[in-house]
Amino acid sequence: MRTPFLTTILVVVTRMGNPFILSSATVFIAVLLIIRGRAYDAALLVIALIIAVVSLTILKNTFQITRPGSELVAVNGWSFPSGHATVATAFFFMLAHAFFGKMRTLKGKVSLILGSIFGAVLICFSRLYLGAHWTLDILAGIALGLLSVSFTVLMFNVFIGERRSLRDRINL
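This section reports on the structure supplied with the text. Given the structure is predicted, the values throughout are model-derived calculations rather than measurements. (Residues numbered from 1 in each chain as written. Predicted model: local features only at pLDDT ≥ 70, side-chain atom pairs only at ≥ 80, totals over all residues. Heavy atoms only, no water.)

**Quick word on unusual backbone geometry**
For the peptide bond that leads from Phe80 to Pro81, omega is -15 degrees, which places it in the cis range. In this fold, Pro81 is placed in the loop between α3 (39-63) and α4 (83-100). Even without being glycine, Gln64 reaches a positive phi, approximately 50 degrees. Within the secondary structure layout, Gln64 lies in the loop between α3 and α4. On the accessibility criterion, Gln64 (44% relative accessible area) is partly exposed. (Helix = DSSP H or I, 4+ residues; strand = E, 2+ residues; numbered from the N terminus. Buried < 20%, exposed > 50% of the residue type's maximum accessible area, 1.4 Å probe, protein only.)

As structure tokens, this is what we get:
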């Protein structure tokens, strides 16, 4: 059941979760990480978002699924998978990964993880509530965002972790 108050809030949430806004925030955070001497985390963050956006674009153009009709927000482009869900999931989960080790207390770590989950879920819910996507679009976007983050972290750990090559890791 939609209410004017909730609709207004979720329109703001969906605008803040726009892939362009989150990509811009990624660049800003990456610059701050580089200034603080954390180029590895900055590269992880940026590359995970690039992988998410590239794979999202390929899938949208491959499947070309139309959107449901929405009177609440202007929507254009293909529906599957959701760009908001993909980029929000990748953004918030990469932030959690980048800052998890910096949290000194269990409370801080739990807050970081729950905040990341909340941010991604809120943006995803806003897209469903406003009628901009089908449920499958959102679920596929979440999966694609998680896959982008997992793939990026895995590749960095295999090829860059501790400055050893893949051959050195296999041969031990």
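Okay, back to it.
**Observations concerning the packing of aromatic side chains**
What the rule picks out here adds up to 4 aromatic pairs. On the basis of an interplanar angle of 80 degrees and a centroid distance of 5.1 Å, the ring pair of Phe91 and Phe92 is categorised as edge-to-face. Comparing Phe91 with Phe92 shows no difference in burial state: the two are buried. Taking 5.9 Å as the distance between ring centres and 40 degrees as the angle between the ring planes, the aromatic pair formed by Phe125 and Tyr129 counts as tilted. In this pair, Phe125 and Tyr129 are both assigned in helix α5 (residues 106-129), 4 residues apart and thus about one turn of the helix distant. Classification of Phe125 by relative accessible area gives partly exposed; the value is 42%. Here the basic side chain of Arg2 rests over the ring of Tyr129, its NZ or CZ set 5.6 Å away from the ring centre. (Phe/Tyr/Trp six-rings, centres within 6.5 Å; stacked < 30°, edge-to-face > 60°. Lys NZ or Arg CZ within 6 Å of the ring centre and 35° of its normal.)

**Some words on helix α1 (residues 4-16)**
Side chains three or four residues apart in an α-helix point the same way, a direct result of the helix having 3.6 residues per turn. Look at α1: 19 Å from first C-alpha to last across 13 residues, which is about the 18 Å you get at 1.5 Å a residue. Three or more residues of α1 are buried, namely Thr7, Leu10, Val11, Val13 and Thr14. Looking straight down α1, one finds its buried side chains confined to an arc of 165 degrees; they lie on one side. Opposite the packed face of α1, turned more than 90 degrees from it, sit the exposed residues Phe5, Thr8, Arg15 and Met16. Turning to α1, the residues buried within the fold contact α4 and α5. (Expected span 1.5 Å × (residues − 1). Arc of directions from axis to C-beta. Contact = heavy atoms within 4.5 Å.)

**With respect to the pattern of salt bridges**
A side chain of one charge can pair with a side chain of the opposite charge when the charged atoms of the two come close. What the rule picks out here adds up to 1 salt bridge. With a closest N to O distance of 2.5 Å, Asp41 and Arg38 form a salt bridge. By relative accessible area, Asp41 is classed as buried at 15%. (Salt bridge = Lys/Arg side-chain N within 4 Å of Asp/Glu carboxyl O.)

**Focus: the side chain of Arg38**
Tracing the backbone shows Arg38 in the loop between α2 (19-35) and α3. For Arg38, a relative accessible area of 15% translates into the label buried. For Arg38, the side chain forms a polar contact with the side chain of Asp41, separated by 2.5 Å. Residues contacting Arg38, with those up to four places away along its chain left out, are Leu33, Ala98, Phe99 and Lys102. (Polar contact = N/O pair within 3.5 Å; in protein donor to acceptor, adjacent residues only side chain to side chain.)

Such coordinate-based values are descriptive only and should not be taken to indicate function.
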